[in-house]
Amino acid sequence: KDGEGNSTDEESNGSQNATEEKIDGILLSGEDRYRVVYPQNDSSIKAFALKIYDKLFELDPIVLTKPAYYTVTSDKTDPAGAKEILVGLTNRPATEKAADNLKNYPDFTITLQDGNIVILANTQARLEAAVRYFVKNMKASATGEVYYVGDPNYVDVYKGDYPSATVNGKPLKDYSIVLS
């Protein structure tokens, strides 16, 4: 403040910068915006992909002037260099790499692989939970940029009970499946 109690330019710039929040996360919008991709011929997973698209559409004001700014498409096409949010078991190599994160059948993962975000689970119910988690962690900055602010290498380990089926009187959860 100057001698008369008025704010100086330095102080007003400081408070202006304080209102512009810095979001730590993966930028989904802008020039290198992500497109949402689902496995070809899987309408149920397409519905999950559309939930992400809807959230992008809700958060980013650019869609008011450019409605086709974001895209949802099947994995049939693979444009070189495109950044993608891969939902479900797509034909992309990044999906296969992300599958290594799934240690237990009901786990889900959201991970950054080869510049793409992969959302993957072994069941439809858990994939839906993964999409809900992803959407919940999408945030818009004051300037309209859209970010994913969740852990970029997230694995949700299922904490519920496994089915109560038994084999020879022993609970199924006590067994492992070994592939050779």
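These figures come from a predicted structure and were not determined experimentally. Just so you know, the residues in each chain are numbered from 1, in the order the chain's sequence is written. The predicted nature of this model means local features are confined to residues of pLDDT at least 70 and side-chain atom pairs, given and counted, to a pLDDT of 80 or more, with totals for whole chains, interfaces and linings taken over all residues. Side-chain figures throughout are based on the complete set of non-hydrogen atoms in the structure, without hydrogens or water.

A. The sheet that holds strand 7 (residues 138-140), seen in detail. Paired strands, as defined in this entry, are two strands with at least two bridges between them according to DSSP. Strands here mean DSSP runs of E at least two residues long; helices mean DSSP runs of H or I at least four residues long; both are numbered from the N terminus. Ordered by their spatial adjacency, three strands build an open sheet running 1-8-7, and the pairing between neighbours is antiparallel. This sheet does not close on itself; its edge strands, each paired only once, are strand 1 (26-27) and strand 7. Sheet topology note: the strand 1/strand 8 (residues 146-148) ladder contains two bridges and is antiparallel. Looking at the pairing, Ile26 lines up with Tyr148 of strand 8. The contact rule is simple, with two residues in contact once any of their heavy atoms fall within 4.5 Å. What counts as an axis is a line fitted to C-alpha atoms, over the stretch in contact for a helix, and the angles between N-to-C directions run from 0 to 180 degrees. Each of strand 7 and strand 8 is contacted by helix 4 (residues 124-136), which is oriented at about 20 degrees to strand 7, the strand it contacts most.

B. The sheet that holds strand 3 (residues 72-74), seen in detail. On the basis of which strands lie adjacent, the open sheet formed by six strands has the order 3-2-4-6-5-9 and mixed pairing. Pairing within the sheet leaves two strands with one partner each, and these edge strands are strand 3 and strand 9 (153-156). Adjacent strand axes in the sheet meet at a mean angle of 20 degrees when their direction is disregarded. Pairing of strand 2 (residues 35-38) with strand 3, which is carried by three bridges, proceeds in the parallel orientation. Of the residues in strand 3, the one forming a bridge with Val36 is Val72. Strand contacts of helix 2 (residues 43-59): strand 2, strand 3, strand 4 (84-87) and strand 6 (116-121), with the helix running at about 170 degrees to strand 2, the strand carrying the most contacts. Seen against the sheet, helix 4 touches strand 4, strand 5 (108-113), strand 6 and strand 9 and runs at an angle of roughly 140 degrees to strand 6.

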